[in-house]
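Here's the letter readout for the chains.
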Amino acid sequence: GSELRVTAQLGEEPGLSGDLYKYLGPRQRYFVRPALLAQSRDFVEYAKGGKKLSVAKVEEYGGGLSAGRELGNHAVLAAGILRLSGEVKQQIGEVSLAGFDFDVGEYTADLYYDRLNDRFFPTRGSFLGIGYVQSDASLRADEDYQQISVDGSSVLSFGRHTLHAAGRYYTTLDDDAPIYAQFLVGGFGRLSGFHENELFGQNFAMVLGGYRYRLTKSDLVLIPGYLGATLEYGQVAERSSDLFDDGVLNGSLYLGFDTPVGPLFMGAGFAEGGRKQFMLRIGRAFTSSRSQILR
């Protein structure tokens, strides 16, 4: 019942990660999960109108260890530690973080409840994820800070029609996280009218409503296709009290295909002020979020 996973990516953002999901005991309710990561990713700074100003290369490596318990068949509670070191190197333009070294050391706790019937194109069910992070000098962290993240979604279908509602709330309790630990926002489903990870800040909140139509009648089609749209409202802010004072309305139109190698999305995202982005996403990219890899 245990699982070893290794992921490698080549190209402009190479990376290698691995984790072992090891069950303990005959009932397989308890588990430990050690993980390792080494990756190089881009950190892009944008002007207010979306023009690219500079590109830095973030090189980071580290690992984490978590342990937890499954709660029934649909929930899990876990806690652990995460340790990372990295460096930001200038690539193009004047980068405000060029030559910056950092050390991350965090205690983590997570609770997940998942009843969605599909990871990429669910037709029914709900999901709730709650995470807590405490950065602490005892783990050689550069800065002390605390963060809470909440993700929730619910899906309901009527024949070939699917409705989707979701919300996200990420906050830094004292608004004191260093820039490398702030929340990155932007891209499909996360304020779709902005570039991928264009926005960053101490706090982030958004709500989303979506509609999806299955283009094929039969569920037995090898590569089913979908036509969908989202309407999103949210904002990134330095203070949590400012999150919805000046939120931004976003939306997207897309075609999606559930292929044997993962989901394929193509379409366009829009935001207030005439912002628009075109997208083509194939499969699951090697995520730049350390929490998704190591927690």
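What counts, and where the lines are drawn
Residues numbered from 1 in each chain as written. Predicted model: local features only at pLDDT ≥ 70, side-chain atom pairs only at ≥ 80, totals over all residues. Heavy atoms only, no water. Helix = DSSP H or I, 4+ residues; strand = E, 2+ residues; numbered from the N terminus. Rg over C-alpha atoms; globule rule 2.2 N^0.38 Å. Buried < 20%, exposed > 50% of the residue type's maximum accessible area, 1.4 Å probe, protein only. Contact = heavy atoms within 4.5 Å. Lys, Arg positive; Asp, Glu negative; His and termini not counted. Salt bridge = Lys/Arg side-chain N within 4 Å of Asp/Glu carboxyl O. Polar contact = N/O pair within 3.5 Å; in protein donor to acceptor, adjacent residues only side chain to side chain. Patch = residues over 30% accessible without salt bridge, like charges linked within 9 Å, V, L, I, M, F, W, Y side chains within 5 Å. Areas by Shrake-Rupley, 256 points an atom, 1.4 Å probe, with all protein chains shown as cover. Pairing = 2+ DSSP bridges. Core = buried A, V, L, I, M, F, W, Y, C linked by side-chain atoms within 4.5 Å.

*Asks:* How should the overall build of the chain be read in this particular structure?
*Replies:* Of regular secondary structure, the chain possesses one helix and 16 strands. For a compact globule of 295 residues, the expected C-alpha radius of gyration is about 19 Å, and the chain comes in at 20 Å, within 12% of that figure. C-alpha extents for the chain along the principal axes are approximately 55 × 55 × 40 Å. When each of the 295 residues of the chain is scored for burial, the buried share is 42%. Excluding contacts between residues fewer than 6 apart, the proportion of contacts in the chain whose partners are at least 24 apart in sequence is 53%.

*Asks:* Please explain the side chain of Glu70 as it appears in this structure.
*Replies:* By the element assignment, Glu70 lies in strand 4 (residues 52-71). Despite its burial, Glu70 remains without a salt bridge, the nearest opposite charge being carried by Arg29 at 4.1 Å. Side chain to side chain, Glu70 and Tyr23 meet in a polar contact 2.7 Å long.

*Asks:* Sorry if this is basic, but what is going on with a nonpolar patch on the surface here?
*Replies:* The grouping of Leu71, Leu77, Leu111, Tyr113, Leu128 and Ile130 at the surface amounts to a nonpolar patch, some 480 Å² of accessible area in total. Counting residues per element, the ones that place at least two in the nonpolar patch are strand 6 (100-114) and strand 7 (125-135). Mapped onto the fold, Leu71 is located in strand 4. Judged by its relative accessible area of 38%, Leu71 is partly exposed.

*Asks:* Is there a simple way to explain the pairing of strand 1 (residues 3-9) in this structure?
*Replies:* Side-chain direction in a regular strand flips from residue to residue, so the side chains alternate between the two faces of the sheet. In the sheet, strand 1 pairs with strand 2 (residues 15-24) via seven bridges, with the strands oriented antiparallel. Counterpart to Glu3 in the pairing with strand 2 is Tyr21. The hairpin formed by strand 1 and strand 2 contains five residues between the paired strands, and Gly11 there has a positive phi angle of roughly 115°.

*Asks:* Any chance you could explain the pattern of salt bridges here in plain terms?
*Replies:* Between side chains of opposite charge, pairing is possible as soon as their charged atoms come close. On inspection of all chains with the given rule, the structure shows nine salt bridges. A salt bridge links Arg168 to Asp151; its shortest N-O distance comes to 2.9 Å. A residue pair is termed long-range when its members are at least 10 positions apart, and Arg168 in strand 9 (residues 161-172) and Asp151 in strand 8 (residues 145-158) qualify at 17 residues. Overlapping salt bridges bring together Arg5, Asp19 and Arg33 as one network.

*Asks:* How do you make sense of the environment of Glu238 when you look at a structure like this?
*Replies:* Along the polypeptide, Glu238 turns up in the loop between strand 13 (225-237) and strand 14 (248-259). Between the alpha carbons of Glu238 and Phe102 there is a distance of 21 Å; along the sequence they are 136 residues apart. Excluding anything up to four places from it in sequence, Glu238 contacts Asp175, Gln182, Phe200, Gly201, Gln202 and Asn203.

*Asks:* What exactly am I supposed to notice about the nonpolar core here?
*Replies:* As a rule of thumb, soluble globular proteins bury nonpolar side chains together. Judged by nonpolar contacts, the single largest core of 14 residues is most densely connected at Phe102, Val104 and Tyr145. Sorting the residues of this core by element identifies strand 3 (30-46), strand 4, strand 5 (75-92) and strand 6 as the ones contributing at least two each. If one sorts the elements of this core by residue count, strand 5 sits on top with three residues. Among residues more than four places away in sequence, those in contact with Phe102 are Val58, Glu60, Leu84, Ser85, Gly86, Glu87, Val88, Asp142 and Tyr180. Among the nonpolar cores identified, the runner-up in size contains 12 residues, and Phe183, Phe204, Met206 and Leu208 belong to it.

*Asks:* Is there a simple way to think about unusual backbone geometry in this case?
*Replies:* Negative phi characterises most residues that are not glycine, and trans characterises most peptide bonds. Positive phi, close to 55°, is recorded for Gln28, a residue that is not glycine. Positionally, Gln28 belongs in the loop between strand 2 and strand 3. Even without being glycine, Arg140 reaches a positive phi, approximately 65°. Turning to its location among the elements, Arg140 is positioned in the loop between strand 7 and strand 8. The exposure class of Arg140 is exposed, given its relative accessible area of 62%.

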